[in-house]
Amino acid sequence: MAQIFNIIQGWKNYLKNETDTNVLKKSAICENCPEAIIGTYEKFMPDESLKEIQGLKCDKCKCPLSTKLRSENETCPLGKW
């Protein structure tokens, strides 16, 4: 149940375009991660506030980074944040 809450929270914050300092720090880490790969999300998920990770997904968990980074309780599957 917690995972569903995290997904909903991430999407809600993405749709509201909420980007705080913590999200920016996570984004800087993910931007340079070899597991951050191009997904199909960029076509329907523009991310003006996090252009460096726009359209990327995590190859480990398959989550779109624009939403995963905006969920307070989500963690990096590699333990980077």
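Look up a bit, the structure's there.
Nothing here was measured: the structure is a model prediction, and the numbers come from that model. (Residues numbered from 1 in each chain as written. Predicted model: local features only at pLDDT ≥ 70, side-chain atom pairs only at ≥ 80, totals over all residues. Heavy atoms only, no water.)

### Digging into unusual backbone geometry
What you tend to see is this: most non-glycine residues have negative phi, and most peptide bonds are trans.
Then, in step 1: Phi is positive for N17, which is not a glycine, with a value near 60 degrees.
Then, in step 2: By secondary structure assignment, the location of N17 is in the loop between α1 (2-15) and α2 (21-31).
Then, in step 3: A relative accessible area of 43% means that N17 is categorised as partly exposed.
Then, in step 4: Look at K62: it is not a glycine, yet its phi comes out positive at around 70 degrees.
Then, in step 5: Summarising the element assignment, K62 is placed in the loop between β2 (56-58) and α3 (65-68).
Then, in step 6: Looking at K62, the relative accessible area reads 44%, which means it is partly exposed. (Helix = DSSP H or I, 4+ residues; strand = E, 2+ residues; numbered from the N terminus. Buried < 20%, exposed > 50% of the residue type's maximum accessible area, 1.4 Å probe, protein only.)

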